[in-house]
Amino acid sequence: MKWLKRKSVDEGMEKKDWIQTLAKSKDFKSSYYCNQKTNVQFCLSFFSTLVDEEIVQQGILSPLLRSDFHSMDDLKKVIPLEDIQICDTPSKIEENLCNGFVLLTIETEEERYGCIAAKKEIVRSLTPPEVEISVVGPKEAFVESMETNLNLIRSRLPIKELIVEEFTIGSLSKTKIAVLHIEGITNQENVNTVRQRLKDVEFDAITDSSYIVQIISDNSNSPFPQLLDTERPDRVAAVLSEGKIAIIVDGSPHALITPTTFVNFFSAFEDYFLNWIIASFFRLLRVFAVSFSVLVTPLYVAVLTYHYEIIPHDLLGTLISSRRIVPFPPVLEALFLEVTIELLREAGARLPTKVGQTIGIVGGIVIGTASVEAGLTSNVLLILIALAALASFTTPIYKMGNTIRVLRFPFLFFAHLWGLIGIVFCFCILLAHLIRLTSLGRPFLEPFYPPRVIDLKDSLIRVPFKNSAIRPEFLRTENPIRFSKKKAKMKKDIEE
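Everything quoted here is computed from the prediction, not taken from an experiment. (Residues numbered from 1 in each chain as written. Predicted model: local features only at pLDDT ≥ 70, side-chain atom pairs only at ≥ 80, totals over all residues. Heavy atoms only, no water.)

**Quick notes on the pattern of salt bridges**
(1) Moving on: Under the definition given, this model contains 18 salt bridges.
(2) Moving on: The salt bridge partner of E140 is R156, with a shortest N-O separation of 2.8 Å. Placement of E140 in the loop between strand 5 (109–117) and helix 6 (146–154) and of R156 in the loop between helix 6 and strand 6 (162–169) is noted, with a sequence separation of 16 residues between them.
(3) Moving on: Salt-bridge contacts for R408 lead to E338; the nearest nitrogen and oxygen are separated by 3.2 Å. Separated by 70 residues along the polypeptide, R408 in helix 15 (residues 398–436) and E338 in helix 12 (residues 330–350) bring together distant segments of the chain.
(4) Moving on: Classification of E338 by relative accessible area gives buried; the value is 2%.
(5) Moving on: Look at the salt bridges and you will find they share partners, linking E338, E342, R345, R405 and R408 into a network. (Salt bridge = Lys/Arg side-chain N within 4 Å of Asp/Glu carboxyl O. Helix = DSSP H or I, 4+ residues; strand = E, 2+ residues; numbered from the N terminus. Buried < 20%, exposed > 50% of the residue type's maximum accessible area, 1.4 Å probe, protein only.)

**Details of helix 8 (residues 209–216)**
(1) Moving on: Burial in helix 8 covers these residues: S209, I212, V213 and I216. The buried residues of helix 8 occupy an angular sector of 105 degrees when projected down its axis, which confines them to one face.
(2) Moving on: Elements that come into contact with the buried residues of helix 8 comprise strand 7 (175–182), helix 7 (188–199), strand 9 (245–249), strand 10 (255–258) and helix 15. (Arc of directions from axis to C-beta. Contact = heavy atoms within 4.5 Å.)

**Examining the nonpolar core**
(1) Moving on: Counting 24 residues, the largest nonpolar core has F224, F262, F265, M400, L434 and F444 as its most contacted members.
(2) Moving on: Counting only elements with at least two residues in this core, the list comes to helix 10 (276–306) and helix 15.
(3) Moving on: Top element by residues in this core is helix 15. It accounts for 10 residues.
(4) Moving on: With near-sequence residues (within four places) excluded, F224 lies in contact with F262, M400, T403, L407, L430, H433, L434, L437 and F444. (Core = buried A, V, L, I, M, F, W, Y, C linked by side-chain atoms within 4.5 Å.)

**Things to note about the packing of aromatic side chains**
(1) Moving on: Within this structure, the stated rule accounts for 15 aromatic pairs.
(2) Moving on: With a centroid separation of 5.2 Å and 65 degrees between ring planes, the pair formed by F28 and F47 is classed as edge-to-face. Of the two residues, F28 is situated in strand 1 (residues 28–34) and F47 in strand 2 (residues 41–47); the sequence distance between them amounts to 19 residues. Across this residue pair, the class does not change: F28 and F47 are buried.
(3) Moving on: With 5.3 Å between their ring centres and 90 degrees between their planes, F269 and F273 make a pair best called edge-to-face.
(4) Moving on: Feature note: the residues F224, F262, F265, F266 and F444 constitute an aromatic cluster, connected by ring pairs.
(5) Moving on: Residue placement shows R462 over the ring face of F465; its charged tip is 4.7 Å from the ring centre. (Phe/Tyr/Trp six-rings, centres within 6.5 Å; stacked < 30°, edge-to-face > 60°. Lys NZ or Arg CZ within 6 Å of the ring centre and 35° of its normal.)

**What about the confidence of the model for the protein?**
Predicted coordinates in areas of low pLDDT are best not read in detail.
(1) Moving on: Per-residue confidence for the protein gives a mean pLDDT of 86, with 93% of residues at or over 70.
(2) Moving on: Every residue in residues 1–15 is under pLDDT 50, and counting partners more than four places away or in other chains gives 28 contacts. (pLDDT = per-residue confidence, 0-100.)

**A word on the sheet that holds strand 5**
(1) Moving on: Read from one edge of the open sheet, 5 strands run 1-2-4-5-3, paired in antiparallel fashion. Looking along the sheet, the strands with just one partner apiece sit at the ends: strand 1 and strand 3 (84–87). Here the average twist between neighbouring strands, direction ignored, is 25 degrees.
(2) Moving on: When strand 2 meets strand 4 (residues 101–106), the two strands line up antiparallel, connected through 4 bridges. Across the sheet, C43 pairs through a bridge with T105, a residue of strand 4.
(3) Moving on: Against the sheet, helix 3 (residues 53–66) makes contact with strand 1, strand 2, strand 4 and strand 5, and its axis sits at roughly 170 degrees relative to strand 2, the strand it touches most. (Pairing = 2+ DSSP bridges. Axes fitted to C-alpha atoms, helices over the stretch in contact; angles between N-to-C directions.)

**Quick look at the environment of V123**
(1) Moving on: Its location among the elements puts V123 in the loop between strand 5 and helix 6.
(2) Moving on: Taking the relative accessible area as the measure of exposure, V123 reaches 38% and is therefore partly exposed.
(3) Moving on: Separated by 242 residues in the primary sequence, V123 and I365 have C-alpha atoms spaced 41 Å apart.

**So, the sheet that holds strand 8 (residues 228–230)**
(1) Moving on: Judged by pairing direction, the sheet is antiparallel, and its 5 strands sit side by side in the order 6-7-9-10-8 without closing on themselves. Strand pairing shows two members of the sheet lacking a second neighbour, strand 6 and strand 8, which therefore form its edges. Averaged over all adjacent pairs, the angle separating strand axes in this sheet is 25 degrees, with direction ignored.
(2) Moving on: Here 3 bridges tie strand 8 to strand 10, and the two strands are oriented antiparallel to one another. Across the sheet, residue D229 finds its bridge partner in strand 10, namely L256.
(3) Moving on: Seen against the sheet, helix 6 touches strand 6, strand 7 and strand 9 and runs at an angle of roughly 10 degrees to strand 7.
(4) Moving on: Those strands touched by helix 7 are strand 6, strand 7, strand 9 and strand 10, and its axis lies near 20 degrees from that of strand 6.

Listed below in structure tokens is the structure:
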């Protein structure tokens, strides 16, 4: 037992600085044992917060104490676990220890180390989607475990052509990222672009997929998201079959989809579970609601500041009477209410759920009524602001909804400066930005610019499935044919 007395984490391995660094942590444990049959003395070291104690006791320690164990070469014979590695480099050992491995050292083999996987898996159970809520269709959402998320996708696409490539990004976080595509369908140029951008990422800690969106986007200075994030595995499976690419980040319950277009952010996946006529109506309603949300307040400011002549005479009296005691110009009146709505929305989002709902409802009613009675705003503008806020909630993708909220303010200032001409000028600037914007090198405004008639079938109007035999043209897929259009249109009755 001389070796056992001499050895300790700090003294016996003083030449191994990496072990000393690890041993500074309170949760780093080292224990020494002796095999009962062969008298081989060994040490097990691990982070207690990362490993499963039952696996350590039953799957590792018990076989090592009772079997014919002589050297590292016998490790895979005596331990009934799959992931067992023999390492000799400190960097690899450090990486394994921080990923839930148990380090095995033997007295007679000082230059070889065994690493045995015993990671503790802490995964929350599957829940329904919280952001992309669907009345019909599947009720499963992604969780923080990348393995679970990949399982949800593979169960929907049980084909060998579904390729999963794994990357490790972040000098401190060592975050695992999986890139998914279907071989034979997805354009390899798109895959190579995603692969290269992920390899070029230089960042210390990646804790969520939102980091990846901002880092690898074509234009990180644009307020418009160029990668679509989703919490629905059924949506990911559907876009993979179209020829798009999915990115799964370990620790994030949202997957990223690329390349994407502006129209995709106004298409809820529930549209595909409804009749195409109803789904098309809802899509057009969302586009109208977003346009109304962005333009209604600037139009109010422009008309009341410069263009009284375009107001109908029947409505002019109502507007004048509603503003007769308001001491501020229309732009300040509008800004006051817009900022108030944003404050209420932000406060409701940051407070606990029950309190946040109360603040949003009660605060909106109290502040709106009080501001009108105090003569700070007109009741007409209050109604328009409330409708604009309501219309902004129709955006199915949360990040695009944030963009729509911000867009109202530049339109508001341009309307105050130059009236309707200012709104047109601001719209031209916005349109020029969208025309120049790309997603993974593909036009963001497709199929409107550049115009592609084929891709219009799933834009503002969703055509029936039997007319969706061709994959989106802008993806340049290797196999553009999804199914036989001729056979899809055939409907046969059972002959008696």
